[in-house]
Structure formats: structure tokens, C-alpha cells
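For reference, the chains in residue letters:
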Amino acid sequence: MLDGLTRLEYRGYDSAGVAIYSDGALKVAKAKGRLQVLSDLLEAGAAIHGTVGIGHTRWATHGAPSDINSHPQVSRSGKIAVVHNGIIENYSALKQFLESQGVPFTSETDTEVVAQLIEYFYDGDLLQAVGRVLHRIEGAYALGILCSDTPDQLIAVRRDSPLILGLGKGENFLASDVTAIIKHTRDVIYMDDGELAVLTRDGVQCYNHFLQPVDKEISHVDWEIDAAEKGGYEHFMFKEIMEQPEAVRRAIFPRIRDGEVVFEDFGLTDDYIREIRKIYIVACGSSYHVGMVGKYNLERILRIPVEVSLASEFRYREPIVDERTLVLVISQSGETLDTMAALREARRLGGKILSIVNVVGSSIARESDEVLYTWAGPEIAVATTKAYSTQLAVVDLLGLYFARRLGTMERAEYDQILQEMLLLPAQMEQVLERREDIQYYASQYFNHDSVFYIGRNLDYALGLEGSLKLKEISYIHSEAYASGELKHGTISLIEDGTLVVALATYGRLFEKAMSNVVEVKSRGADVLALTTESHRAEMAKLANGLVTIPDTNPMLLPSLGVIPMQLYAYYVALQRGCDIDKPRNLAKSVTVE
Ligand code: F6R
């Protein structure tokens, strides 16, 4: 269990705990802090013996990180233990009710309400008691439940929070991600919303919301355990940066056949595509930044209006969506709660949902009309890198696929872009090979406490991602600005020694980018510039530091340009001694609002 939890630590890591049935009772061990603290407490597992248990790594939502607020949460008699991901929204009313019935609470968590409520309804049939609780709790939850009266079984429940079941030989598992159990089995069941499961040593039975048995499909996971391990690299983030050429190759190559973009099992008909009047791209964080690149590229080649919206805004803004609106949902994890809620809102309004997702079988993938997987493999570092690159590649392929059906692109241009796409992995390798230059600049500038990223068009979209990467892992304040906006306010912040990362890869606007560099330099800024090889000489005259990427079709520039952005953030964070794979206050999969 400790090993499985290690692989889930990226989801949250402010405290951890286990409950194990041992010598006739539930033994619970919990500790604030990283999993290592719990592991030490348990003498790496040797301290408690047993064959059935539940464990959890927490990222606090209700109640500060503490030993007591860690999961498992246990009912008053100590009989029932619960681990929970998500939020019980009506926990306060339920807690009041239980307190009025004389039930004492020990923690500040919403989860304890679940454990106490199960015990309140429990009359010897755990499944029935859990069923009754589910009719009373509201919110998002994945639950693992263990009761000392029935130590041969575990109960799993899921609503709006990921949960999978792993089928072994003489052993079965529940986990919020395949990575936790892949060492033991590759046969998994993806639970659907509202479902429960009873796991015993010998089998797994799933039930619907009404506790009627349901048959579930067993899926086979085909990636290797190595894909979820560091393989000699110091950090997952670095490993994942280095994996990008291969990941992008996997995302692109099988989808270009005989000079055409091909999507297997793709249900959007040519007639439907010709009817699309508007495209919404909905996502959060870096996936949203992919959407920003997508907007520039798709509008240019399709001549269809494309609006990019943060999922957390989209869901509450009464968006204008109808059956001729294609809603493109982008998510690495496929579990981001805001993105999921936006998807449901778009569906309610009649839009068609096409999602671009990395995690196979994830909630967003399953609730979409159509899915294009990015095939990036498991991404462990909290800061996304290879998922971003593969999302970008798939959005570009989608644009080309549509352009062909809409007749908005000359055949020669289409052929040429496909050729250039096939070159991308090798060009990405070239950029990675020159990483020492970036490491050098990071060593020069790592102590600047405020950084501006400026660029226009695709370079602006790229700057947003560069800036996010830097701030999330190195804790340096940074902002991305559309260069043309500088003189509308931001330029007042530029003073002697301010670091400006000037993005100038987009050839059509190179001269404008140069003017902006002059503008900030004349106010004292130090400029680190990114441009293409063909513009190297010109930019070298102005910039304090310069990194170049190979020339390619403009549409594909961000796919190359993002690598120096990622490496810069990585090396700066390394210089500053930050916890790169697990930055403070962040979790990999944001399954709360
Ligand atoms: C940044 C990062 C986050 C995610 C965002 C969306 O490095 O990883 O900003 O991009 O939380 O997550 P997904 O793509 O899983 O929906």
C-alpha cells in the first residue's frame, strides 16, 4: 500500500494514512507531511500486519493538514474507516444532524461525516448502509470503505472523482489511478459515476446506485511500469521533458497515413464538420494554453470563430452553445472537476463534445461524444510538459483534418505542413540537445524575482505557458503579456535589471517583436530572447541571451518553442532548490472546484 501511495503522491501530499485490519481490529496510522513520514512511522510497513487495508495521500480541502484530519477517517466506534477524494458539499448539515444524535466528531473534515453516517445506518449490512449514505451525501467523491466486522471485503464508491478497480490473482485492488496498482495487475475496471463495488480477495462485484449488480467490462492496460518510474533521471519533470520527441511521435505518426490525417473510430462526419459555426475550446491551466495556441491556428486555417474559455469561467457564464457548436475539451488527466463541469454544461446546451485527453478511460474521455487520445503515457510531475506537447500536436492534426474537409487550405500547404509535422520529433531532439545554453542562462538569472514574458500571436500563447511553468515550479512571480499591450500599462514596471523573456519565433511579426525588445531594453530590461534560426543574427544584436529553434511552418512553432520554456523553468527551479516534481500548494489532478 505504501508503494501504491508513492505513485499517487502527485495527487496530493500534505498528509497520509492507512487503516489495516490486523488482529481483530482496524489499526490506523496517520501523519501530517509527506508519505515518508508515514512510512517511517510504520517502519516501512513492518509495524502493522494484515491483508486488507485502505490508504490515502491527502491534499487538504476541509480542515488544515494535520494528523487528525488525515485519512482514513474512522467512525466513533472505530469499526468503519473511510478514505475519500473529493468534497462532500452538504457535510455541514449532515454533521449538525449527527451531532444532534449525540455522535462526537474528532476532525474538521467532510470525510468524517461519511464514516459516522455509515455507522449511523449500519445494522450488520455494510453495503446497505453505504447505499443509504449515498442518497444523503452531495458532492464529488471516490470512497474506499473498510469495516472490522467484514474484514474480508472493501467497498468502493465513485461519483465525479476517479476510481478504478484492479483485478489480481487472489487479490484485488481499488485506486484512484492505474499507476498505483500496475505492479500487481494490468486488468482494470473503470467505475462509472454512481457505482459501488464490493471487493474480496477472490472477486469484485459492481452495483449501480440502486444496489443492483452490474456487469463491467475489463480493460487491459498496455503501458509499462517503467513509464511511471524515473528511469535514472533526477526528476520526473526532466524525464518527461526529455520524452517529448517520443511522445509527440506516438501522437502524430500513426495518424498520418498516405499523406492524410487519419483518426481511427472518429464519429464526427464530414457533414457535421461542414455545419460547425463556432468552436469553443474549454480547459484549465496549461491545457488552456494549448487552447490559446489552438485558437490562433484553427481560426487561421479554418476561418471558423474559435473562442477559448477557462473551464471554471465557462461553467458559470451562460455560454452561447447550440448543436452547431463544437466544444473542444482539453485535459491531460481527464478528471479536472472544472473542465468536467464545463463539459456537462456544454452538453446540456446541446453542443457536441470532442475531447483531447491523455488518461485513457478517464471521466472526461468517457463523457465526451468523441475522444482523441494524446498517448503521452503517464505524466507524473505536477507541472505538465509532455502532455502539453502532445495536446498541441493533436489540436494541429485536428485543424488539418477539418481544413481538408472544409476546403479551407490549399493542397500544397496541407502536404507541406504534414511533412513538417513528421519532422517535429527530430527537431525537438535538436532543441533538447542544446539544453546547456538554457541551463547557463538559468544560472545567470535564477535570482530575479519578477519576470515578464512578452510575445504576439502564437508567441503570446507560448509566453503564457512559459510564465506558468516558471511560477509554478520556481515560485518566481512572472507575467505573460501580449507585447502590443505593454505600453498600455505594464511597461511602467520595467526598470533596470528587470528580466524580460522575449518570444519572437513567429516570423510574420518578427519586426514588431524586435521593436518591443528595443522598447524594454531602453528602459533597462535584460532580455532573454527566443527566435528561429533564420532570425538568429538579427536578434543577437539586441538580446542579452538568445536561444533558437529550427524554422518550421508557423503553425508548429509553439511545439518547438515550448521546450526552451520548460527547460528554463526547470533549471531555474533546480538552482533555487525547489521541490520540482511536487511544487507547493499544487496537485496533479484537480478534482475539486
Ligand atoms: C500546469 C498544470 C496545470 C494543468 C491543469 C489542467 O503545469 O499542469 O495547469 O494543466 O490543472 O489539468 P488537466 O489537463 O489534467 O485538465
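Residues numbered from 1 in each chain as written. Predicted model: local features only at pLDDT ≥ 70, side-chain atom pairs only at ≥ 80, totals over all residues. Heavy atoms only, no water.

Helices and strands together make up the secondary structure of the protein, namely 19 helices and 26 strands. For 593 residues, the compact-globule formula gives about 25 Å, and the C-alpha radius of gyration of the protein, at 25 Å, lands near that figure. The principal-axis extents of the C-alpha atoms in the protein amount to approximately 75 × 55 × 45 Å. Within the protein, the proportion of its 593 residues that are buried is 60%. Across the protein, every contact between residues at least 6 apart in sequence was considered, and the portion connecting residues at least 24 apart equals 71%. (Helix = DSSP H or I, 4+ residues; strand = E, 2+ residues; numbered from the N terminus. Rg over C-alpha atoms; globule rule 2.2 N^0.38 Å. Buried < 20%, exposed > 50% of the residue type's maximum accessible area, 1.4 Å probe, protein only. Contact = heavy atoms within 4.5 Å.)

With that settled, the discussion passes to the sheet that holds strand 17 (residues 278–283). Sheet architecture is open: 5 strands sit in the order 18-17-19-20-21, paired in parallel fashion. What marks the edges here is a single partner per strand, and that holds for strand 18 (306–310) and strand 21 (370–373). Along the sheet, successive strands turn relative to each other by an average axial angle of 20 degrees, direction set aside. Sheet analysis places strand 17 next to strand 18, joined by 5 bridges and oriented parallel. (Pairing = 2+ DSSP bridges. Axes fitted to C-alpha atoms, helices over the stretch in contact; angles between N-to-C directions.)

With that settled, the discussion passes to the sheet that holds strand 13 (residues 213–214). If you walk across this open sheet you meet the 7 strands as 4-5-6-7-11-12-13, and the pairing is antiparallel. Of all the strands in the sheet, just strand 4 (73–74) and strand 13 have a single pairing partner and so form its edges. The pairing of strand 5 (residues 80–88) with strand 6 (residues 139–147) spans 9 bridges and is classified as antiparallel. By the bridge assignment for strand 6, His 84 is matched with Leu 143. Contacts between helix 5 (residues 126–134) and the sheet are confined to strand 5, strand 6, strand 7 (153–159), strand 11 (195–200) and strand 12 (204–207), with strand 7 contributing the most and set at about 20 degrees to the helix.

The next thing to look at is the layout of surface pockets. Roughly 790 Å³ of internal volume is contained in the second largest pocket. As for the second largest pocket, its lining consists of 41 residues, of which Trp 223, Asn 358, Val 359, Val 360 and Pro 378 are closest to the centre. Of all the elements in the fold, those that place two or more residues in the lining of the second largest pocket are strand 14 (219–220) and helix 7 (244–252). The biggest single contributor to the lining of the second largest pocket is helix 7, with 3 residues. Counted by class, the lining of the second largest pocket contains 17 nonpolar, 11 polar and 13 charged residues. Each of domain 1 (2–222) and domain 2 (230–425) accounts for three or more of the residues forming the lining of the second largest pocket. (1 Å grid on protein atoms, 1.4 Å probe; cavity = no way out; pocket = protein on both sides within 12 Å on 5 of 7 lines; lining within 4 Å. Points joined across faces, edges and corners; volume = space filled by probe spheres on them. Nonpolar A, V, L, I, M, F, W, Y, C, P; charged D, E, K, R; others polar. Domains from an automatic or database assignment.)

This part covers the packing of aromatic side chains. This structure, assessed with the given rule, holds 13 aromatic pairs. With 5.3 Å between their ring centres and 75 degrees between their planes, Tyr 120 and Phe 121 make a pair best called edge-to-face. Using a relative accessible area of 11% as the deciding quantity, one classes Phe 121 as buried. With a centroid separation of 6.5 Å and an interplanar angle of 45 degrees, the aromatic rings of Phe 452 and Tyr 481 are classed as tilted. One end of the pair, Phe 452, is in strand 22 (residues 450–455); the other, Tyr 481, is in strand 23 (residues 477–482), with 29 residues separating them in the sequence. Residue Tyr 481 is classed as partly exposed on the basis of its relative accessible area, which comes to 27%. What links up through ring pairs into an aromatic cluster is the set Tyr 233, Phe 238, Tyr 570 and Tyr 571. Arg 404 extends its terminal NZ or CZ atom over the ring of Tyr 414, reaching a point 5.3 Å from the ring centre. Sitting over the face of the ring of Tyr 475, Arg 584 holds its NZ or CZ atom 3.8 Å from the ring centroid. (Phe/Tyr/Trp six-rings, centres within 6.5 Å; stacked < 30°, edge-to-face > 60°. Lys NZ or Arg CZ within 6 Å of the ring centre and 35° of its normal.)

Here we come to the domain arrangement of the protein. One can read the domain layout of the protein as domain 1 (2–222), domain 2 (230–425) and domain 3 (434–580). The C-alpha-based centres of domain 2 and domain 3 are spaced at 25 Å. With 29 residues of domain 2 at the interface, the matching set in domain 3 holds 28 residues. At the boundary of domain 2 with domain 3, total buried surface from both sides reaches about 2,600 Å², with 68% on carbon and sulfur atoms. Where domain 2 touches domain 3, the interface holds 0 salt bridges. Remark: the boundary between domain 2 and domain 3 carries 8 residue pairs in polar contact (both at pLDDT 80 or more). Every element with two or more residues in the side of domain 2 that touches domain 3 is listed here: helix 6 (236–242), helix 9 (285–302), helix 13 (386–406) and helix 14 (411–433). Broken down by element, the residue count for the side of domain 2 that touches domain 3 peaks at 9 residues, all from helix 9. A class-by-class count of the residues in the side of domain 2 that touches domain 3 yields 15 nonpolar, 10 polar and 4 charged. (Buried area = accessible area lost by both parts, 1.4 Å probe. Salt bridge = Lys/Arg side-chain N within 4 Å of Asp/Glu carboxyl O. Polar contact = N/O pair within 3.5 Å; in protein donor to acceptor, adjacent residues only side chain to side chain.)

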